[in-house]
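Chain by chain, the residues run as shown.
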There are 2 protein chains.
Amino acid sequence: MSHPSPHPASSREKPFAPFVCFSIYAASLAFNRLYKQVLDRWGLTYPQYLVLVALREGDDRTVGELGELLFLESNTLTPLLKRMEAAGLVERRRDSADERVVRVQLSERGRTVADELTCVPGDMIAATGEDPEMLAHLPDLIASLDSLAAKLRHAAA
Amino acid sequence: MSHPSPHPASSREKPFAPFVCFSIYAASLAFNRLYKQVLDRWGLTYPQYLVLVALREGDDRTVGELGELLFLESNTLTPLLKRMEAAGLVERRRDSADERVVRVQLSERGRTVADELTCVPGDMIAATGEDPEMLAHLPDLIASLDSLAAKLRHAAA
DNA sequence: TGCGATTAGATCGCGCACGATTTATATTCC
DNA sequence: GGAATATAAATCGTGCGCGATCTAATCGCA
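Residues numbered from 1 in each chain as written. Chains lettered and ligands numbered in written order. Predicted model: local features only at pLDDT ≥ 70, side-chain atom pairs only at ≥ 80, totals over all residues. Heavy atoms only, no water.

## As for the protein's contact with DNA strand D
What counts is decided by this rule: Neighbouring residues are identified by heavy atoms, a residue being near a molecule or strand if any of them is within 4 Å of it. Pairs of N or O atoms are called polar contacts if they sit within 3.5 Å, as long as, within protein, a hydrogen donor faces a hydrogen acceptor (for residues adjacent in sequence, only side-chain-to-side-chain pairs). Only DSSP runs of H or I with at least four residues qualify as helices, and only runs of E with at least two residues qualify as strands; both kinds are numbered from the N terminus onward. Each residue gets one of three labels, nonpolar for Ala, Val, Leu, Ile, Met, Phe, Trp, Tyr, Cys and Pro, charged for Asp, Glu, Lys and Arg, and polar for the others, Gly among them.
In the vicinity of DNA strand D there are 28 residues, among which Tyr25, Arg33, Thr78, Lys82 and Arg92 of chain B approach most closely. Counted by atom, the contact set of DNA strand D within 4 Å of the protein is 69% sugar and phosphate. Serine 74 of chain B places a polar side-chain atom, nitrogen or oxygen, 2.9 Å from a base nitrogen of DNA strand D. A distance of 3.2 Å is found between a base oxygen of DNA strand D and a side-chain nitrogen or oxygen belonging to arginine 100 of chain B. Looking at the surface near DNA strand D, the elements that each hand over two or more residues are helix H3 (46-57) and helix H5 (74-86) of chain A together with helix H2 (20-39), helix H4 (63-70), helix H5 (74-86) and strand S2 (90-94) of chain B. Looking at the surface near DNA strand D residue by residue, the class counts come to nine nonpolar, nine polar and 10 charged.

Set out below in structure tokens:
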């Protein structure tokens, strides 16, 4: 063997065990897959769901404002919002005071769907078994992730 | 107003504050963006980086084994591995004992690159400022995320 | 007033991620 | 041995996510 492994045998089985990035990546994949099942009822994707929630909490936002909330750029949001518009969920129109900005509003159907979506977080918790031990630690988990993400964004800027 | 908000004003600014899923999503985006910068030196994407690390820790894996490690299916891995093969990083060949399975090995260049990648985790930590407080909590964070991801995968299955 | 700089979105190309389906090989069981 | 079944990977279509670039509208400032 010209390349003997300097690692214990278990590293062949769990080569990513010490990597936060991988745990976040894998958790993100897992979340997305479960969300697909839950959101399929409305034909929504996860980022589309986020847009509806954002607009429910405050309608008539600009593309840029949505981007700040979701950490996405116009190159991602523009086609996504066009698909949502085609699905009759939102309306897009240029701001008359500044023709550069596009304002996004919930349509009537969009508001109906957005209101129905209030049950989604509960559905997700129920689907994962609502372990009270885990639920109690979620605020800490969120705080750690948000702090880490802020550092990463700062480093990438 | 036909739809007065039942929420405090701050929910317009931070509508996703209480959602773990969103913190994970946002952290995953942030990680990916910083990784792009770091991996650009080798022309690698993050999942391609993961494949190289996996093969460095244990070469000659099947597509299915890689999928179990990375939580990906052949519909994602096959084109990804073909791009890596085209880039001269890996070799793909059918297993002679079972012609259904494809085995993936590091090429000579792939091994060189994989060895160079050992500096990547350190580069990432350095780029984010290596806060000792945060580093100390990473094992807990990883454990929480892995446990959550396992529950999500179980629920989605 | 006018022109360079800035800003908001849109467009394009590429690489994931994944549901659904297909192809090819192995296995099972009679 | 041969048909039904199972398994591994590949293929196809769609929707993100993002770097790079473009267009159009606004702002700044002499």
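## Brief notes about the nonpolar core
Generally speaking, a soluble globular protein has its nonpolar side chains buried in company with each other. The criterion, for reference: We define the nonpolar core as a collection of buried residues of types Ala, Val, Leu, Ile, Met, Phe, Trp, Tyr and Cys that are connected through side-chain atoms lying within 4.5 Å of one another. Here's how the labels work: a residue is buried when its accessible area is under 20% of the maximum for its type, exposed when over 50%, partly exposed in between, all with a 1.4 Å probe on protein chains only. By definition, residues are in contact when any of their heavy atoms lie within 4.5 Å.
Judged by nonpolar contacts, the single largest core of 106 residues is most densely connected at Leu52 of chain A together with Leu52 of chain B. By residue number, the principal contributor to this core is helix H2 (residues 20-39) of chain A, which donates 14 residues. In this view, leucine 52 of chain A contacts Leu44, Met84, Leu89, Val90, Leu106, Gly110, Val113, Ala114 and Leu117 of chain A; residues no more than four positions away in its chain are not counted.

## Concerning the UniProt feature "domain: HTH marR-type" (unreviewed entry) in chain A
Spelled out, the test is: UniProt positions are given in the numbering used here, feature names are shortened, and annotations may be inferred rather than shown by experiment.
According to UniProt, the positions carrying the feature "domain: HTH marR-type" (unreviewed entry) are residues 17-157 of chain A. Helix makes up 67% of residues 17-157 of chain A and strand 9%, with an end-to-end C-alpha separation of 28 Å.

## Description of the relation of the copies chain A and chain B
Selection rule: Copies overlap after least-squares fitting; the atoms used are the C-alpha atoms of residues with pLDDT of at least 70 in both.
Of the transformation placing chain A onto chain B, the axial shift is 0.0 Å and the rotation is 180 degrees, giving an RMSD of 0.0 Å. The symmetry that links the two subunits is that of a two-fold axis. Interface overlap between copies: 100% of the residues of chain A at the interface are likewise at the interface in chain B, consistent with a symmetric, same-surface contact.

## Looking at the sheet that holds strand S1 (residues 61-62) of chain A
All names here are of chain A. What counts here: Pairing between two strands is assigned when DSSP locates at least 2 bridges connecting them. Lines fitted to the C-alpha atoms define the axes, with helices restricted to the stretch that makes contact. Angles between their N-to-C directions range from 0 to 180 degrees.
Ordered by their spatial adjacency, three strands build an open sheet running S1-S3-S2, and the pairing between neighbours is antiparallel. Because the sheet does not close on itself, it has two edges, and the strands there are S1 and strand S2 (90-94). Taken strand by strand, H3 contacts S1, S2 and strand S3 (102-106), and its axis lies near 85 degrees from that of S3.

## With respect to the protein's contact with DNA strand C
Close to DNA strand C lie 28 residues, the nearest being Tyr25, Arg33, Thr78 and Lys82 of chain A together with Thr45 of chain B. The contact atoms of DNA strand C, taken as those within 4 Å of the protein, divide so that sugar and phosphate hold 72%. One of the side-chain nitrogen or oxygen atoms of glutamine 48 of chain B is found 2.8 Å away from a phosphate oxygen of DNA strand C. For the surface near DNA strand C, the secondary-structure elements that each account for two or more residues are H2, helix H4 (63-70), H5 and S2 of chain A together with helix H3 (46-57) and H5 of chain B. Taken together, the residues that form the surface near DNA strand C break down as nine nonpolar, nine polar and 10 charged.

## A few points about the interface of chain A and chain B
To keep it simple, the criterion reads: Accessible surface is computed with a 1.4 Å probe, and the buried area is the amount of it that two parts give up when combined, taken over both parts together. Any Lys or Arg side-chain nitrogen located within 4 Å of an Asp or Glu carboxyl oxygen qualifies as a salt bridge.
Chain A puts 62 residues into the contact, and the matching count from chain B is 62 residues. With both chains or domains summed, chain A and chain B bury close to 6000 Å², and 70% of this area falls on carbon and sulfur atoms. When the area that chain A buries against chain B is broken down by residue, the three leading residues are Arg12, Glu57 and Leu152 of chain A, summing to 11%. Inspection of the chain A/chain B interface yields two salt bridges. Across the pair lysine 151 of chain B and aspartate 131 of chain A runs a salt bridge whose closest N-O atoms are separated by 3.6 Å.

## A word on the packing of aromatic side chains
Operational definition: Any two rings among Phe, Tyr and Trp, with Trp reduced to its six-membered ring, count as a pair given centres within 6.5 Å; such a pair is stacked if its planes are under 30 degrees apart, edge-to-face if over 60, and tilted if neither. Each ring is checked for a lysine NZ or an arginine CZ that lies within 6 Å of its centre and within 35 degrees of its normal; such an atom marks a charge sitting over the ring.
What the rule picks out here adds up to 18 aromatic pairs over all chains. On the numbers, 6.5 Å between centres and 45 degrees between planes, the contact of phenylalanine 16 of chain B with phenylalanine 19 of chain B is tilted. We classify phenylalanine 16 of chain B as buried; its relative accessible area is 4%. Residue placement shows arginine 153 of chain A over the ring face of phenylalanine 71 of chain A; its charged tip is 3.7 Å from the ring centre.

## Comments concerning the environment of lysine 36 of chain B
By the element assignment, lysine 36 of chain B lies in helix H2. Each C-alpha atom of the pair lysine 36 of chain B and phenylalanine 19 of chain B lies 26 Å from the other, and the pair is 17 residues apart in sequence.

## Side note on the sheet that holds strand S3 (residues 102-106) of chain B
All names here are of chain B. Strand order in the open sheet formed by three strands is S1-S3-S2, and the pairing between neighbours is antiparallel. The open sheet has two free edges, formed respectively by strand S1 (61-62) and S2, since each of these has just one partner strand. Along the sheet, H3 makes contact with S1, S2 and S3, crossing S3 at roughly 85 degrees.

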